[in-house]
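Each chain is listed here by its residues.
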Amino acid sequence: MKLFVIGSGGREHALVWRLAQSPHPTKIWSAPGNPGISDERLESNGMPVENVPIGAEDLSLLLDFANEKKPDLTVVGPDNPLGMGIVDLFQEHGHKIWGPNKNAARFEASKAFSQEFMEKYDIPAPKAGVFTNPGPAGEFAASLEGHCAVKADGLALGKGVIVCTNQQEADRAINDMLVNGILGEAGKKIVVQELLEGVEASLHVLSDGESWRLFPASQDHKRAYDGDTGPNTGGMGAYAPASFLRNSELLETASAIIEPWINGCKEEGIDYRGILYPGIMLTDNGARVLEFNSRFGDPETQVYMPLLENDLVELLSACTEKNLKGIELKFNDAACVCVVKASGGYPGKYTKGKTIYGLEDTHQIPGVKVFHAGTSIQGNNLVTNGGRVLGITAWADTLSDAREKAYAAAARIQFEGELMRTDIGKKASI
Ligand code: AMP
Ligand code: GLY
């Protein structure tokens, strides 16, 4: 069986790593992939994974490639191609593809759609309003005393949420999006949400439109610096399982969100096949959905893949074929931690092309896997090529052992100006 994986980040490396361990694939292409991805070899025949130089948003070139090579299953990592309708396009041309179609991917592509859906189907969510005019948006923010999250409706490369703690900040955020157009089309419509306090967690639910299966809860660390300070990033590290949401509590929390969600999908004719990743806040009044994502989290995927015991090819195929009903998700009992090394300056300006040293020293450590995110090859050297560069991932019987192992491995790797948080999973392992 031949697989085609779209994307180039740490998430896609983790997916490819796990897909390559299945006995089913005899060939895996990745577009555009990264140097870590093309280092992976298929367990079935020892063949390396092949990177194809096509961007994840070049839908017509991706389709040309699929028409030529005829993969048996295409797996989509990032949100943008999903929001652009890659699933519909591939299906129209007879290709089997895993991920939500354009209609279903609106849960991430439009925050206004998600907010209105949550209200309509009684999904626990923050109090919020959807606005296109600054006047009413400002009045609503004032009713929250300026304590609000101002969110661009559309996809904005992780820059679409501004957290405000007073009216002045809220007015500035509202004006920046609706009047000054700093996010272009994505910010022409906004959602203003009450600002909630509590503990954040990531849920991941595999849905085939009828049945759903739950992953363990995980926790990302979005801020750039230790102690949850500094600017918001794509995610500086994650761990799973999240000890504050285990077993029955997790199932209860997820059911309160997913049961009305899947019923709402049926009602609206949304055939959601893929991963739904609700970002939630555990407040004193219960869990609330801050946002829905229509793909796997990054770096959450990096901590899920070492724990997942199912064959990932079979799992994603079953999801695509509306056949999840007979499948049980299985995870081992380990705990897993992923620590991100990023380029100095990230998420602001940073320099690329720094040589990465010491990575080969980590290859032989049992229970450690380094996923590539922003790397490239320059001459004979592996160099930095993005904000988030590597996800150093370790698993062990306890979370504190996994942390220790991840940080010990991270200490062997160096590049100039690197940025790394030293407290990933720390709060949870006390
Ligand atoms: P996002 O970029 O959409 O992942 O959101 C960035 C971060 O903003 C989230 O991880 C939360 O920390 C924060 N956030 C978003 N909405 C809210 C809210 N309603 N209340 C509190 N924090 C929020
Ligand atoms: N973990 C953050 C994200 O994937 O959006």
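Residues numbered from 1 in each chain as written. Chains lettered and ligands numbered in written order. Predicted model: local features only at pLDDT ≥ 70, side-chain atom pairs only at ≥ 80, totals over all residues. Heavy atoms only, no water.

Some thoughts on the site of ligand 2
Here is step 1 of the chain: Around ligand 2 lies a shell formed by Asp220, Lys222, Gly234, Tyr277, Arg295, Gly297, Asp298 and Glu300.
Here is step 2 of the chain: Within the side chain of Tyr277, an N or O atom sits 3.2 Å from a nitrogen atom of ligand 2.
Here is step 3 of the chain: At 2.8 Å from a nitrogen atom of ligand 2 is found a side-chain nitrogen or oxygen belonging to Glu300.
Here is step 4 of the chain: Summarising the interface, the protein chains cover 88% of the accessible area of ligand 2, which totals 200 Å² for the free molecule. (Near = heavy atom within 4 Å. Polar contact = N/O pair within 3.5 Å; in protein donor to acceptor, adjacent residues only side chain to side chain. Areas by Shrake-Rupley, 256 points an atom, 1.4 Å probe, with all protein chains shown as cover.)

Here's the deal with empty space enclosed by the protein
Here is step 1 of the chain: Evaluation of the coordinates by the stated rule reveals two cavities of 30 Å³ or more.
Here is step 2 of the chain: Of the volumes computed, that of the largest cavity is approximately 70 Å³.
Here is step 3 of the chain: Phe107, Glu108, Lys111, Ser114, Gln115, Met118, Lys151, Val191, Gln193, Leu290, Glu291 and Phe292 are the residues that line the largest cavity.
Here is step 4 of the chain: Elements with a contribution of two residues or more to the lining of the largest cavity: α5 (106-109), α6 (111-120), β9 (190-194) and β18 (286-293).
Here is step 5 of the chain: Counting residues per element, the lining of the largest cavity draws most heavily on α6, which supplies four residues.
Here is step 6 of the chain: A per-class count over the lining of the largest cavity returns five nonpolar, three polar and four charged. (1 Å grid on protein atoms, 1.4 Å probe; cavity = no way out; pocket = protein on both sides within 12 Å on 5 of 7 lines; lining within 4 Å. Points joined across faces, edges and corners; volume = space filled by probe spheres on them. Helix = DSSP H or I, 4+ residues; strand = E, 2+ residues; numbered from the N terminus. Nonpolar A, V, L, I, M, F, W, Y, C, P; charged D, E, K, R; others polar.)

Topic: the layout of surface pockets
Here is step 1 of the chain: Its volume calculated, the second largest pocket comes out at about 500 Å³.
Here is step 2 of the chain: Along its surface, the second largest pocket is lined by 20 residues, and Pro216, Pro241, Arg246, Asn247 and Phe331 are the ones closest to its centre.
Here is step 3 of the chain: Sorting elements by how many residues they give to the lining of the second largest pocket places helix α9 (residues 247-268) first, with three residues.

Quick word on the site of ligand 1
Here is step 1 of the chain: Residues in close proximity to ligand 1 total 15 residues, the closest being Lys151, Glu194, Leu196, Glu200 and Glu291.
Here is step 2 of the chain: The separation between a nitrogen atom of ligand 1 and a polar side-chain atom of Gln193 is 3.0 Å.
Here is step 3 of the chain: The side chain of Glu291 places a nitrogen or oxygen atom 2.3 Å from an oxygen atom of ligand 1.
Here is step 4 of the chain: Taken by itself ligand 1 offers 490 Å² of open surface, and the protein chains cover 88% of this.
Here is step 5 of the chain: Looking at the shell around ligand 1, the elements with two or more residues in it are β7 (148-152), β8 (161-164), β9 and β18.
Here is step 6 of the chain: Considered class by class, the residues forming the shell around ligand 1 number eight nonpolar, two polar and five charged.

Considerations on helix α2 (residues 59-69)
Here is step 1 of the chain: If you check which residues of α2 are buried, you get Leu59, Leu62, Leu63, Phe65 and Ala66. Looking down the long axis of α2, one finds its buried residues gathered within 160° of arc, a one-sided arrangement. Along α2, exposed side chains directed more than 90 degrees from the buried face belong to Ser60 and Glu68.
Here is step 2 of the chain: Backbone geometry just after α2 places Lys70 at a positive phi near 50°. (Buried < 20%, exposed > 50% of the residue type's maximum accessible area, 1.4 Å probe, protein only. Arc of directions from axis to C-beta.)

Remarks on the packing of helix α7 (residues 134-143) against helix α8 (residues 167-178)
Here is step 1 of the chain: Where α7 meets α8, the axes come as close as 10 Å, and the angle between the chain directions of the two elements is 155°. Between α7 and α8, the angle is such that the two are roughly antiparallel. Crossing hand, α7 versus α8: right-handed. Of the residues in α8, those touching α7 at Pro134, Ala137, Gly138, Ala141 and Ala142 are Gln167, Ala170, Asp171, Ile174, Asn175 and Leu178.
Here is step 2 of the chain: Here the contact of α7 with α8 is built from residues that sort into seven nonpolar, three polar and one charged. (Axes fitted to C-alpha atoms, helices over the stretch in contact; angles between N-to-C directions. Parallel < 35°, antiparallel > 145°, perpendicular 65-115°, else oblique. Left-handed = near helix turned anticlockwise from the far one by under 90°. Contact = heavy atoms within 4.5 Å.)

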